[in-house]
Amino acid sequence: MRSCKRFFHAITPSFAPRFHAPPMLSLPSLSVRCSRALTCLAALATPFLTGGWLSGPQSTFETEGPVARSQLEVFYVTLWVTGIIFVIVAAILGYATLRFRARSAADEHAAPPPQSHGNPLVELGLIFASVAALVVIAIPTLRAIYFTYDVPEAERANAYTVNATGYQWWFKFEYPTEKITLDAGEGKLVTANEMVIPVGRAVRVNLRTYDVIHSFWVPKLAGKVDMMPNRANHLWLKAEKAGYYWGQCAEYCGESHAVMRFRVIALEEPEFQTWLSAQKKAAVAPAADTPTAQFASYDMTPKGRNAAGYSASFDANPLGQWRQQQQADSAVDAALIAQGRQLFAQKTCVACHVIRGHHIGGNSAAPDLTHFGSRTTLAGGLLENSPVNLHRWVTDPNGVKPGNKMFVGLPLGGSVMPGYMLKDPTNGHLSPNIQVSDTEARALVAYLSSLK
Ligand code: HEC
Ligand SMILES: [Cu+2]
């Protein structure tokens, strides 16, 4: 006990008075203290008891690739080291608090006990323990930094490359090795919001931004690395099995940052190659004599602004849904689609969007829609790509995603390319520009959905 006391004196700064309860405050009754402690415990235990608290589509605890796993290991090492330190310090503090508390009125006015410090054994011991804790954390951290920085040497020859660019508030994915023919010559395959990659191959993702700082994060595979103006960042990732992974911009980038999402779809090599060759083709157009479907008959009863973005069947099997989305519909309304294609030009959607083979020009700061119908998401992963959601988007983009550039217009040099609103350059006021009626929207939905 004496040595114990000496230890506490050695680690307590001499100006710190001995602990005692402030005389004015009386402690609450035992039953109150008990019930508070139980409430506290219950609050802490809830996440454990309700289950699944560490899982979910964006869980960093369910890793599906080596990069995310090495990041998780660093987290666990840090958690263990700091956890052990916490337990030791809390135990000593708890012991000292109870053992040396003031027990009587006389204790409260007692002179502080003899102060001592400078026990070399204790001080050196604590310095050594701190250094040891840091070294234990530093070794795996440095190893993980080295490992996650770039594709390992041995895998470089077989690695695949994708260029990802952040825009307020969506992601563009460019496939630099996949050449396509454009009216203006040769180009690279470009898509948006869904990054399709081969399974089991290291993928190097070059990270760029068009405007502000964004951050690229696929919690189950890798992240986060910032997309910064005038800086060529990159990361690499590898999916170990076929899957549909959620991604998210992880750096605040403006009003719709929270819904700036994307998806990573990992496919076995043959399926990946099939996807690539379908994407490289120009947009399809149905023959006039295809069997007709009642495309325009979906129900648009007003849905609240916060209506669920994804259906339960989609969430139950997103990869299955994605695969289904690649298939052309057996029956479409060719006349309605043709009308939608015309409207796409008339409504000046073409000023911003490219649909290769149908509408050229466009603006590189708007998503390429050549194969929009094959994507499972809409508006930066905010909504499931269903006719009803697409209808909501083309009739009221701002109601779906506040402040988006399709609504307010795209910055273009010193001016703004008008969107659903037209900006007055003199006073910055917005006035309505593009308006899409319910029947026009049905034609646009039929057209865009047919672009598999
Ligand atoms: C001023 C440029 C501009 C115009 C004009 C424009 N869009 Fe867009 N569009 C955008 C931008 C930018 C986005 C991305 C918005 C976001 O997700 O934040 C977008 C997104 C979309 C998407 C979702 C793409 C995806 O993969 O998520 C569709 C579909 C779409 N627009 C259709 C249309 C239609 C139909 C019209 C015409 C009625 C139109 N757009 C007019 C700029 C424009
Ligand atoms: Cu962002």
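Definitions and cut-offs
- Residues numbered from 1 in each chain as written.
- Chains lettered and ligands numbered in written order.
- Predicted model: local features only at pLDDT ≥ 70, side-chain atom pairs only at ≥ 80, totals over all residues.
- Pairing = 2+ DSSP bridges.
- Helix = DSSP H or I, 4+ residues; strand = E, 2+ residues; numbered from the N terminus.
- Axes fitted to C-alpha atoms, helices over the stretch in contact; angles between N-to-C directions.
- Contact = placed C-beta atoms within 7 Å.
- Near = placed C-beta within 6 Å.
- Nonpolar A, V, L, I, M, F, W, Y, C, P; charged D, E, K, R; others polar.
- Domains from an automatic or database assignment.
- Core = buried A, V, L, I, M, F, W, Y, C linked by C-beta atoms within 7 Å.
- Buried ≥ 20, exposed ≤ 12 C-beta atoms within 10 Å, placed from the backbone.
- Expected span 1.5 Å × (residues − 1).
- Parallel < 35°, antiparallel > 145°, perpendicular 65-115°, else oblique.
- Left-handed = near helix turned anticlockwise from the far one by under 90°.
- pLDDT = per-residue confidence, 0-100.

(A) How the structure looks around the sheet that holds strand S2 (residues 170-182). Read from one edge of the open sheet, 5 strands run S3-S2-S1-S5-S8, paired in mixed fashion. Each edge of the open sheet is held by one strand with a lone partner, namely strand S3 (185-192) and strand S8 (233-237). Between one strand and the next, the sheet's axes are offset by a mean angle of 30 degrees, whatever the strand orientation. The pairing of strand S1 (residues 160-167) with strand S5 (residues 203-209) spans 7 bridges and is parallel.

(B) Broad picture of the sheet that holds strand S6 (residues 214-218). The strand order across the open sheet built from 5 strands is S4-S10-S9-S6-S7, with neighbouring strands paired in mixed fashion. Each having just a single partner strand, strand S4 (194-198) and strand S7 (222-227) make up the two edges of the open sheet. Across the sheet, the axes of successive neighbouring strands diverge by a mean angle of 20 degrees, strand direction being ignored. Looking at chain direction, S6 and strand S9 (residues 243-249) are connected through 2 bridges and run antiparallel. From the neighbouring strand, Phe216 faces S9, where its bridge partner is Cys249. Against the sheet, helix H6 (residues 269-280) contacts S4 and strand S10 (261-267), and its axis sits at roughly 135 degrees relative to S4.

(C) Highlighting the site of ligand 1. Inspection of the region around ligand 1 gives 32 residues, with Cys349, Cys352, Ala366, Met406 and Gly419 positioned closest. Sorting the residues of the shell around ligand 1 by element identifies helix H12 (405-408) and helix H13 (438-449) as the ones contributing at least two each. When grouped by side-chain class, the residues that make up the shell around ligand 1 number 21 nonpolar, 7 polar and 4 charged. Among the domains, domain 2 (150-279) and domain 3 (282-452) are the pair contributing at least three residues each to the shell around ligand 1.

(D) The arrangement of the nonpolar core in detail. In this structure, Val205, Leu221, Leu237 and Leu444 are the most contacted members of the largest nonpolar core, which totals 74 residues. Sort the elements by how many residues they give to this core and H13 lands first, with 7 residues. Dropping the residues within four chain positions of it, Val205 is found in contact with Val162, Ala164, Phe216, His234, Leu235, Trp236 and Leu237.

(E) Expanded view of helix H3 (residues 66-99). Under the 1.5 Å per step criterion, the end-to-end length of H3 is 49 Å for 34 residues, consistent within 8% with the ideal 50 Å. With 3 of 34 residues buried, H3 is to be regarded as a mostly surface element. All buried positions along H3 are accounted for by Pro66, Val67 and Ala68. On its buried side, H3 packs onto helix H5 (120-149), S7 and S8.

(F) Region of the structure containing the packing of helix H10 (residues 387-395) against H13. At a minimum axis separation of 9 Å, H10 and H13 run at an interaxial angle of 120 degrees. One element, H10, and the other, H13, form an angle in the oblique class. Handedness of the H10/H13 crossing: right-handed. Each of Pro387, Leu390, His391, Val394 and Thr395 in H10 lies in contact with H13, whose residues at this interface are Ala441, Leu444, Val445, Leu448 and Ser449. When grouped by side-chain class, the residues that make up the contact of H10 with H13 number 7 nonpolar, 3 polar and no charged.

(G) Looking closely at the packing of H3 against H5. Close contact between H3 and H5 brings their axes to 9 Å; oriented N to C, the two are set at 170 degrees. What the angle tells us is that H3 and H5 run roughly antiparallel. Contacts between H3 and H5 involve Val67, Ser70, Gln71, Glu73, Val74, Val77, Thr78, Val81 and Ile85 from the former and Ala133, Val136, Ile137, Pro140, Thr141, Ala144, Phe147 and Thr148 from the latter. Of the residues in the contact of H3 with H5, the class split is 11 nonpolar, 5 polar and 1 charged.

(H) Layout of the pairing of S9. Most of S9 is tucked away: 5 of the 7 residues are buried. Of the pairings in the sheet, the one linking S9 to S10 comprises 6 bridges and is antiparallel in character. Bridging across to S10, Trp246 finds its partner in Arg263.

(I) Molecular detail of the environment of Asp396. The topology assignment puts Asp396 in the loop between H10 and helix H11 (397-400). Asp396 gets classed as partly exposed once you count the C-beta atoms within 10 Å, which come to 15. As for Asp396 and Val436, which are separated by 40 residues in sequence, their C-alpha atoms are 8.4 Å apart.

(J) Inspection of H5 at higher detail. Taking 1.5 Å as the rise per residue, H5 with 30 residues should run 44 Å; its terminal C-alpha atoms sit 42 Å apart, in good agreement. H5 sits mainly on the outside: 0 of its 30 residues count as buried.

(K) View of the confidence of the model for the protein chain. Residue-level pLDDT values for the protein chain average 87, and 89% of them are 70 or greater. Low pLDDT, under 50, characterises residues 7-25; the predicted model gives this stretch 25 contacts beyond four residues in sequence or across chains.

(L) Expanded view of the environment of Tyr245. Secondary-structure assignment places Tyr245 in strand S9. Between the alpha carbons of Tyr245 and Pro57 there is a distance of 7.0 Å; along the sequence they are 188 residues apart. Apart from residues lying up to four places away in sequence, Tyr245 is in contact with Glu64, Val218, Lys220, Leu221, Ala239, Arg263, Val264 and Ala266.

(M) Focus on unusual backbone geometry. Backbone torsion omega between Gln168 and Trp169 reads 0 degrees, so that peptide bond is classified as cis. Of note, Trp169 is situated in the loop between S1 and S2. The amide bond that connects Gly223 to the next residue, Lys224, takes the cis arrangement and shows omega of -15 degrees. The phi dihedral of Asn230 is positive, around 60 degrees, even though this residue is not glycine. For Asn230, the location among the structural elements is in the loop between S7 and S8. For Ala379, which is not glycine, the phi torsion reads 60 degrees and is therefore positive. Counting through the fold element by element, Ala379 comes out in the loop between strand S11 (377-378) and strand S12 (383-384). Taking the C-beta count within 10 Å as the criterion, Ala379 has 25 such neighbours and is therefore assigned buried.

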